[in-house]
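# A look at the structure
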Amino acid sequence: TPFLPEAEKATGAAVVVCPGGGYGGLAAHEGPDYALYLNQQGIAAFVLKYRLGSQGYRHPIMLQDAARAVRLVRARAADWQVDPKRVGIMGSSAGGHLASTLVTHFDAGKPEADDPVERQSSRPDLGILCYPVISMGPNTHEGSKANLLGKNPSPELVKLLSNELQVTPQTPPCFVWHTWEDQAVKLENTLDFAAALQKAGVPFDLHVYQK
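Reference entry: report on the structure contained in this document.

The rules behind each value
Residues numbered from 1 in each chain as written. Predicted model: local features only at pLDDT ≥ 70, side-chain atom pairs only at ≥ 80, totals over all residues. Heavy atoms only, no water. Axes fitted to C-alpha atoms, helices over the stretch in contact; angles between N-to-C directions. Helix = DSSP H or I, 4+ residues; strand = E, 2+ residues; numbered from the N terminus. Parallel < 35°, antiparallel > 145°, perpendicular 65-115°, else oblique. Left-handed = near helix turned anticlockwise from the far one by under 90°. Contact = heavy atoms within 4.5 Å. Nonpolar A, V, L, I, M, F, W, Y, C, P; charged D, E, K, R; others polar. Pairing = 2+ DSSP bridges. Salt bridge = Lys/Arg side-chain N within 4 Å of Asp/Glu carboxyl O. Buried < 20%, exposed > 50% of the residue type's maximum accessible area, 1.4 Å probe, protein only. Right-handed = clockwise from strand over helix to strand, strands pointing away.

### Observations concerning the packing of helix α2 (residues 61-75) against helix α4 (residues 94-104)
The geometry of α2 relative to α4 is characterised by a closest axis approach of 10 Å and an angle of 70° between their N-to-C directions. On the basis of their axis angle, the class for α2 and α4 is roughly perpendicular. Seen along the crossing, α2 lies across α4 with a hand that is right-handed. In contact with M62, L63, A66, A67 and V70 of α2, α4 contributes L98, T101 and L102. Here the contact of α2 with α4 is built from residues that sort into seven nonpolar, one polar and no charged.

Below, the structure written as structure tokens:
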């Protein structure tokens, strides 16, 4: 769902917004509300209704949906008056896991594809991760893990989707925030991801608020 800023405010930047909900639902307050805030800053926002574990879907379907959204914004950049080189992804909680998955598992697109959308790169230019689930290991959010990977995922799949282990120098810059008192998603998710960004030389902005 596109949310476009007023023309006189528009900066050309765009963000795909992934609501949280444990990969079992989509939290309303983490979609359109964020989009309206971004619009106030002159940023076009696109709220993604990605497929869910509660509907029987598993990885890589959610990643395919996020990648397709970024490609679609680039393919239709002229229609929405956005800069195809300034397309970020933003996500909260499990949506933050999805956003962190795309910033670490992207591709350059298929230039020979018949579908013009599939010719576009799925690499976001920026990641905005809000109290994100990052790991599928000991610090994971168990509900998100079960909905994404099923009941008994292989160790290889757990590692592949533990995104603190998947950061490379090609990962885009990230803005990451969390709260110290979060009881649902462990703070270690954010700290470990920031440490991985630091090790890979990827610029980031990290905020941990007490409350």
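After that view, the rundown keeps rolling.
### Topic: the sheet that holds strand β2 (residues 14-18)
Reading across from one edge, β1-β3-β2-β4-β5-β6-β7 is the order of the seven strands in this open sheet, with mixed pairing throughout. Single-partner strands in this sheet number two, and they are β1 (2-3) and β7 (204-209). Two elements, β1 and strand β3 (residues 44-47), share two bridges in a ladder whose sense is antiparallel. Note that in β3 the partner of P2 across the bridge is F46. Docked against the sheet, helix α1 (residues 32-40) engages β1, β2, β3, β4 (87-92) and β5 (126-130), running at close to 170° with respect to β3.

### Some remarks on the pattern of salt bridges
Within the structure shown, the criterion is met by eight salt bridges. A salt bridge links D115 to R68; the nearest nitrogen and oxygen atoms lie 2.7 Å apart. Taken together, the positions of D115 in the loop between α4 and β5 and R68 in helix α2 put the pair 47 residues apart, joining distant regions of the chain. The partly exposed category is assigned to D115, whose relative accessible area is 28%. Classification of R68 by relative accessible area gives partly exposed; the value is 33%. The shortest N-O distance in the salt bridge between R71 and D107 comes to 2.9 Å. Residue R71 is found in helix α2, and its partner D107 is found in the loop between α4 and β5; the two are separated by 36 residues along the sequence. The partly exposed category is assigned to D107, whose relative accessible area is 36%. Within this structure, R68, R71, D107, D115 and E118 form a network of salt bridges that share partners.

### Remarks on the pairing of β3
Within a regular strand, the side chains alternate between the two sheet faces. Side-chain alternation along β3 places A44 and F46 on one buried face and A45 and V47 on a second face that is also buried. Pairing of β2 with β3, which is carried by four bridges, proceeds in the parallel orientation. Within β3, the position partnered with A14 by the bridge is A44. Assessed by its sense of winding, the connection that carries the chain from β2 through α1 to β3 is right-handed.

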